[in-house]
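Here's the letter readout for the chains.
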Amino acid sequence: MKESQVVNELFEKWIEDAKTKLNEDNFFLKINEYLESTHPEICGKCAPCRDGVPRLEALLKEYKEGNATLKTLKEIEDIVNNLRSSRCSVGLDIGKNMEVVLENNYHLLYNPVKKY
Amino acid sequence: MAKITINGNTIKVKKGTSILNAAKSIGIDIPTLCYIAEMNEVGFCRICVVEVEGEQDLVSACNTEITNKMVVYTDSEKVKEARRASLRLLAQKHRFDCWNCPKDGMCEFYDILKEHDIVFEEFGPGKGRYDDFIDGTAINQDQTKCILCKRCVAVCNDVVAARVLKFRDDDGLNPIVSPTPELSFDETGCIGCGQCVKACPTGTLFVKDHVTDVEDMLLDPVPVVAQMSEEAAMIIAEELQQFSENVNVREAYSTIKQMGFSDVLDVNTAKDMVVLEDVSALKHRLENGRDLSLISSHCPAAVRFTELYHDNHLNELSTTKTAHMAQAKLIKDVLDHKAKVVSILSCSAAKMEMTREELEGHVDAVLTVNEVMKMIKHRYLDKERHEVDIDNGKLQAALSVASQYQGSILQVENVLQKLSLDIDNKPLEPLNYTVIAGDESKASKGVIKEAKVKIGDHKLKVAVVRGGAQIKAFYKMLEVSNKTYDYVDMMACPEGCTNGGGTPFEHDITTHEVIKKRIEMLCQHTDMAQYDPSVSTRVLYEKHLDHPSSDDVMTLLHTSFSPKESTKE
Ligand code: SF4
Ligand code: SF4
Ligand code: SF4
Ligand code: FES
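Here the structure is a predicted model, which is why all the values come from computation and not from measurement.

Peer 1: Honestly, helix α8 (residues 250-257) of chain B in this entry has me stumped. Any pointers?
Peer 2: All names here are of chain B. Summarising burial for α8: 7 of the 8 residues are buried, a large majority. Looking at α8, one finds that the buried residues are Glu 251, Ala 252, Tyr 253, Ser 254, Thr 255, Ile 256 and Lys 257. Looking at the buried residues of α8, the elements they touch are β11 (224-228), α7 (230-241), β12 (263-266), β13 (340-345) and α13 (369-378).

Peer 1: What is the right way to read the interface of chain B and chain A from this model?
Peer 2: For an interface, size is often stated in terms of accessible area lost upon the parts coming together. Taken together, the 28 residues of chain B in the interface contact 25 residues of chain A. Taken together, the two surfaces of chain B and chain A that pack against each other cover about 2,200 Å², and 49% of this comes from carbon and sulfur. At the boundary of chain B and chain A, one finds 4 salt bridges. Across the salt bridge formed by Asp 51 of chain A and Arg 129 of chain B, the nearest N and O atoms sit 2.8 Å from each other. There are 14 residue pairs in polar contact (both at pLDDT 80 or more) connecting chain B and chain A. Here the side of chain B that touches chain A gets 8 residues from one element, more than from any other, and that element is helix α2 (residues 77-92) of chain B. Here the residues of the side of chain B that touches chain A are counted per class, giving 14 nonpolar, 5 polar and 9 charged.

Peer 1: Looking at this structure, how should I read the pattern of salt bridges?
Peer 2: Two side chains carrying opposite charge are able to pair once their charged atoms lie near each other. Scanning the model with the defined rule gives 30 salt bridges over all chains in all. A salt bridge links Lys 61 of chain A to Glu 65 of chain A; the nearest nitrogen and oxygen atoms lie 3.9 Å apart. Here Asp 422 of chain B ties to Lys 418 of chain B by a salt bridge, and the two come within 2.7 Å at their closest N and O atoms. Note that Asp 422 of chain B and Lys 418 of chain B are positioned in helix α15 (residues 411-423) at a spacing of 4 residues, about one turn of the helix. With relative accessibility at 9%, the residue Lys 418 of chain B sits in the buried group. Several salt bridges share partner residues, and in doing so they unite Arg 95, Asp 97, Asp 142 and Lys 145 of chain B into one network.

Peer 1: Explanation requested: the site of ligand 1 in the structure shown.
Peer 2: Around ligand 1 lies a shell formed by His 94, Arg 95, Phe 96, Asp 97, Cys 98, Cys 101, Cys 107, Tyr 110, Lys 145, Thr 202 and Gly 203 of chain B. For the shell around ligand 1, a count of residues per class yields 5 nonpolar, 3 polar and 3 charged.

Peer 1: Any chance you could explain the domain arrangement of chain B here in plain terms?
Peer 2: All names here are of chain B. What the domain assignment lists for chain B is domain 1 (2-88) and domain 2 (93-207). Measuring from the centre of the C-alpha atoms in domain 1 to the corresponding centre in domain 2 gives 26 Å. Taken together, the contact pairs 15 residues of domain 1 with 20 residues of domain 2. Linking domain 1 to domain 2 there are 0 salt bridges. At the boundary of domain 1 and domain 2, one finds 3 residue pairs in polar contact (both at pLDDT 80 or more). Here the residues of the side of domain 1 that touches domain 2 sort into 10 nonpolar, 2 polar and 3 charged.

Peer 1: Sorry if this is basic, but what is going on with a nonpolar patch on the surface here?
Peer 2: Residues and elements named next belong to chain A. Residues Leu 70, Tyr 106 and Tyr 110 make up a contiguous nonpolar surface patch of about 250 Å² in total accessible area. Here Tyr 110 is to be found in helix α7 (residues 106-110). Overall, Tyr 110 belongs to the partly exposed group, its relative accessible area being 35%.

Peer 1: Mind showing me how you'd approach the packing of aromatic side chains here?
Peer 2: Two numbers describe a pair of aromatic rings. These are the distance of the centres and the angle of the planes. Taken as a whole, this structure holds 8 aromatic pairs over all chains when the rule is applied. Between Phe 474 of chain B and Tyr 485 of chain B the ring centres are 5.3 Å apart and the planes differ by 45°, which places this aromatic pair in the tilted class. One end of the pair, Phe 474 of chain B, is in helix α16 (residues 468-481); the other, Tyr 485 of chain B, is in the loop between α16 and β18 (487-491), with 11 residues separating them in the sequence. Since its relative accessible area comes to 0%, Phe 474 of chain B is described here as buried. Judged by its relative accessible area of 0%, Tyr 485 of chain B is buried. Put simply, the rings of Phe 27, Phe 28 and Tyr 63 of chain A touch in pairs and so form one group of aromatic residues. A cation over a ring is seen here: Lys 103 of chain B above Phe 505 of chain B, with NZ or CZ 3.6 Å from the ring centre.

Peer 1: What's the story with the sheet that holds strand β10 (residues 205-207) of chain B in this structure? I'm lost.
Peer 2: Pairing between the strands of a sheet is mediated by backbone hydrogen bonds and can be parallel or antiparallel. Residue and element names in this part refer to chain B. With antiparallel pairing, 3 strands are arranged side by side in an open sheet as β6-β7-β10. Pairing within the sheet leaves two strands with one partner each, and these edge strands are β6 (133-134) and β10. Both β6 and strand β7 (residues 139-142) contribute to a ladder of 2 bridges, which runs antiparallel. Its bridge partner being in β7, Phe 133 is matched across the sheet by Asp 142.

Peer 1: Would you mind going over unusual backbone geometry with me for this structure?
Peer 2: Most peptide bonds take the trans configuration, and most residues that are not glycine carry a negative phi. Positive phi outside glycine occurs at Ala 161 of chain B, with the angle close to 65°. Here Ala 161 of chain B shows up in the loop between α4 (151-159) and β8 (166-168).

Peer 1: Please clarify how the site of ligand 3 should be interpreted in this entry.
Peer 2: Of all residues adjacent to ligand 3, which total 13 residues, the nearest are Cys 146, Cys 149, Lys 150, Cys 152 and Cys 200 of chain B. Residue composition of the shell around ligand 3, grouped by class: 9 nonpolar, 3 polar and 1 charged.

Peer 1: Can you walk me through the packing of α7 of chain B against α13 of chain B in this structure?
Peer 2: Residue and element names in this part refer to chain B. Here α7 crosses α13 at 45°, and the two axes come no closer than 10 Å. Relative to α13, α7 is oriented oblique. Between α7 and α13 lies a crossing of right-handed hand. Within the contact between the two elements, α7 uses Ala 232, Ile 235, Ile 236, Glu 239 and Leu 240 and α13 uses Val 369, Val 372, Met 373 and Ile 376. Tallied by class, the residues present in the contact of α7 with α13 amount to 8 nonpolar, no polar and 1 charged.

Each value, and the rule that gives it
Residues numbered from 1 in each chain as written. Chains lettered and ligands numbered in written order. Predicted model: local features only at pLDDT ≥ 70, side-chain atom pairs only at ≥ 80, totals over all residues. Heavy atoms only, no water. Buried < 20%, exposed > 50% of the residue type's maximum accessible area, 1.4 Å probe, protein only. Helix = DSSP H or I, 4+ residues; strand = E, 2+ residues; numbered from the N terminus. Contact = heavy atoms within 4.5 Å. Buried area = accessible area lost by both parts, 1.4 Å probe. Salt bridge = Lys/Arg side-chain N within 4 Å of Asp/Glu carboxyl O. Polar contact = N/O pair within 3.5 Å; in protein donor to acceptor, adjacent residues only side chain to side chain. Nonpolar A, V, L, I, M, F, W, Y, C, P; charged D, E, K, R; others polar. Near = heavy atom within 4 Å. Domains from an automatic or database assignment. Patch = residues over 30% accessible without salt bridge, like charges linked within 9 Å, V, L, I, M, F, W, Y side chains within 5 Å. Areas by Shrake-Rupley, 256 points an atom, 1.4 Å probe, with all protein chains shown as cover. Phe/Tyr/Trp six-rings, centres within 6.5 Å; stacked < 30°, edge-to-face > 60°. Lys NZ or Arg CZ within 6 Å of the ring centre and 35° of its normal. Pairing = 2+ DSSP bridges. Axes fitted to C-alpha atoms, helices over the stretch in contact; angles between N-to-C directions. Parallel < 35°, antiparallel > 145°, perpendicular 65-115°, else oblique. Left-handed = near helix turned anticlockwise from the far one by under 90°.

Spelled out as structure tokens, the structure:
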């Protein structure tokens, strides 16, 4: 099974079961794997997807490195919402999936930065 | 007709209208960035997104057609957030050095960031998307500033037909807009028209800068002569006077004179000579067979286009030099051997032209209108000090007051005017043009029009061709139809020099109100019927040269062309 398929299956599970929660380590790893798996599909034409996905990756890296703040989280939210203004279903789907991720795992993103 | 509600206003609009245009029709502006009407409706930037009731996702207003009963919100919080997010993403990959940027205060990207109050980290001179710099004798590209809107690509392909710029998205995450990788603009077949520069909303594409060279020249004791086209003078005056009702063109001359040029001349004498030379070529054609067309070569970009892409038509080009080149040669060879000559034009292609082997040493630099405005800023020149004395001494005596054969903004009419005066001894009747390609109300995409006229016993057929894509279409038409024209007035910029690559940027390049006004003004101070053969040009020919097309004249006023190659992947 290709890696991207594994990730997509994981997403399907998330979407089916809105209660699925991941632990922190697993979460950032999986999200990164997922985002990376979208790279070959990105056509590069529209800004929200072409520039949004790499920016998301950079922001998640800030979490991993312990540099994230509330601002980081806010920007992640903005970028995810904005994926819904993409030009085609590639970006729109990434947006939808990421919305679910945010909804279901908000605590993982919020807890580390709420002190800021 | 379809009913649509925008921000609570219900209106009826034609089916097929875009949301953007429907909103515009009731005075609601939706911001755009990658959009050029009918040229680049690609939906890349997503700045124009709006909310449509019943749709989960935001849709781009510029390229989404309305549907019946559609309910649209153009400025909901969701919409504004999305616009800000996209702009922030673009800004994060842009190198900001606005104070030093070739866009020089006329940047559409800057304006839209400001309108949306964009704040983001890493503000300040950042690295930008890519760090390549692509060189060219007329056009340069600084990849640190590209926002990948594709506007330049659309223009270079569809309006200019040179196909130099391409949106390269083999690597989707890192697309790049550029000429053929590793090559300069010139090597990829650029004609220097600068239409891409005018279309670029950022300072990514810009016209090669000669300001530093000229400022250095002015520090030297060697006299530097400026010669300025009428279009350039008009536009500089426009800029100085902010479009006041009556633009005073002389002010452009006096302001430039203050910069330290030894003389500031127009190029009217040389333009007259170009007309005379072309008239003599036309007469030759009429007497010696008309199986080839005679095509003007007064636009260096059109000449380059022919050399690169249609070299089978090179023998149809008039060999007369462009006016500023002819006059520069005249100044240096006949009038003042020491002087340096700087041409001030609305044209960017002349920068490429001056590097031609055949024209070596003619002019020492070419300044565009935009560069002159920059120099005026550098020097803190007093723009209010009108009517500075601009006594140009002996050059003025030899080279001004001409303009006998320039009653019209169209070269073809000036040539026919002179022919009519010579043969019929009366001014030319106004020409009736038929548009055969393009649309004059959308002249920014170029046009071909033709007219017939009788002069003496000759029935002449002439054409006006504007825009590279139309030049291409025109050559094709000549080839399939076996038609020939007695004179073809050919220029690469869609509306000629009034819209040249060195003119100020218009945010909406499909609106040619400004250009129309410019043409009206240019026509105002020349009078078609005015004709006094006793002055300048005639005197100049008599004093320094032989009659048109004589040997002497050939070396000074004529040039040659040869096929050129380009590499496109
Ligand atoms: S392109 Fe615009 S925003 Fe960018 S540096 Fe130039 S002026 Fe500033
Ligand atoms: S200057 Fe003209 S030919 Fe050259 S890249 Fe720009 S639009 Fe194309
Ligand atoms: S060079 Fe300019 S016009 Fe072309 S894609 Fe980049 S920003 Fe847009
Ligand atoms: S202006 Fe509509 S997507 Fe760019």
